[in-house]
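A structural walkthrough
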Amino acid sequence: GAHGLRARLSPELLEVWKTGAYYHLAHALGLLAVAYLASLRPAADWAGFAMLAGIVLFSGSLYALAWTGVRGWGAVTPIGGLLFLAGWALFALVAARAGAR
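Each value, and the rule that gives it
Residues numbered from 1 in each chain as written. Predicted model: local features only at pLDDT ≥ 70, side-chain atom pairs only at ≥ 80, totals over all residues. Heavy atoms only, no water. Salt bridge = Lys/Arg side-chain N within 4 Å of Asp/Glu carboxyl O. Helix = DSSP H or I, 4+ residues; strand = E, 2+ residues; numbered from the N terminus. Expected span 1.5 Å × (residues − 1). Buried < 20%, exposed > 50% of the residue type's maximum accessible area, 1.4 Å probe, protein only. Contact = heavy atoms within 4.5 Å. Axes fitted to C-alpha atoms, helices over the stretch in contact; angles between N-to-C directions. Parallel < 35°, antiparallel > 145°, perpendicular 65-115°, else oblique. Nonpolar A, V, L, I, M, F, W, Y, C, P; charged D, E, K, R; others polar. Phe/Tyr/Trp six-rings, centres within 6.5 Å; stacked < 30°, edge-to-face > 60°. Patch = residues over 30% accessible without salt bridge, like charges linked within 9 Å, V, L, I, M, F, W, Y side chains within 5 Å. Areas by Shrake-Rupley, 256 points an atom, 1.4 Å probe, with all protein chains shown as cover.

1. Some remarks on the pattern of salt bridges
Enumeration according to the criterion identifies two salt bridges in this entry. Close ionic contact of Glu12 with Arg71 constitutes a salt bridge, the shortest N to O distance being 2.6 Å. Of this pair, Glu12 sits in helix α2 (residues 11-40) while Arg71 sits in the loop between α3 (45-68) and α4 (77-100); the two residues are 59 residues apart in sequence, bridging distant segments of the chain.

2. Quick notes on α2
Spanning 30 residues, α2 covers 44 Å between terminal C-alpha atoms, matching the ideal 44 Å at 1.5 Å per step. Along α2, the residues that are buried comprise Leu13, Leu14, Val16, Trp17, Gly20, His27, Gly30, Val34, Leu37 and Ala38.

3. Concerning the side chain of Thr77
One can find Thr77 in helix α4. Residues within four places of Thr77 in sequence aside, it is in contact with Leu57, Phe58, Ser61 and Leu62.

4. Some words on the packing of α2 against α3
Each packed pair of helices is defined by two parameters, the angle between the axes and the distance between the axes. At a closest axis distance of 9 Å, the pairing of α2 and α3 adopts a crossing angle of 170 degrees. One finds that α2 runs roughly antiparallel with respect to α3. Partitioned by chemical class, the residues of the contact of α2 with α3 number 18 nonpolar, seven polar and one charged.

5. Describing the packing of aromatic side chains
Tallying each qualifying case throughout the model produces seven aromatic pairs. For the pair Tyr22 and Tyr23, a centre-to-centre distance of 5.4 Å together with 90 degrees between the ring planes defines the contact as edge-to-face. The exposure class assigned to Tyr22 is exposed, which follows from its relative accessible area of 54%. Overall, the relative accessible area of 32% leaves Tyr23 in the partly exposed class. Centre to centre, the rings of Tyr23 and Phe84 are 6.4 Å apart; their planes meet at 15 degrees, and the pair counts as stacked. Here the residue Tyr23 occupies a position in helix α2, and Phe84 occupies one in helix α4, the gap between them amounting to 61 residues. In this structure Phe84 comes out as buried when scored by relative accessible area, which is 5%. An aromatic cluster is present here, built from Tyr22, Tyr23, Phe58 and Phe84 joined pairwise through their rings.

6. Quick word on a nonpolar patch on the surface
A surface patch of nonpolar side chains, about 440 Å² in accessible area, is lined by Trp46, Phe49, Leu90 and Leu93. For the nonpolar patch, the secondary structure elements donating two or more residues are α3 and α4. Looking at the element boundaries, Leu93 is found in helix α4. On the basis of relative accessible area, Leu93 is assigned to the partly exposed category, the value being 42%.

And the structure:
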């Protein structure tokens with residue numbers, strides 16, 4: 001997306017897009033880790049739901065902001081960030097409990 005959007009977006013909005021893409025990729029990899037853990041401990045599903053919702057709200061709001069230029073989308077971004085944190089905290093909790101048994 002960043003290469004194709006270079007001619008359409010300002011440098012500032014292109015950086016917003018790149019930030020969304022970076023966190024999208026990082027948490028997509030996190031979802032792979034959650035999927036493995038969920039195969040061992042089904043309680044890890046909640047971590048996956050939180051990460052997926054974080055991707056939609058965090059990265060999605062940054063994509064929408066970059067594409068439309070509407071700054072109001074920035075108000076949604078922190079909610080996605082909190083969901084990312086919740087997803088990782090749940091992942092750590094389930095993983096620690098799995099390791100303790």
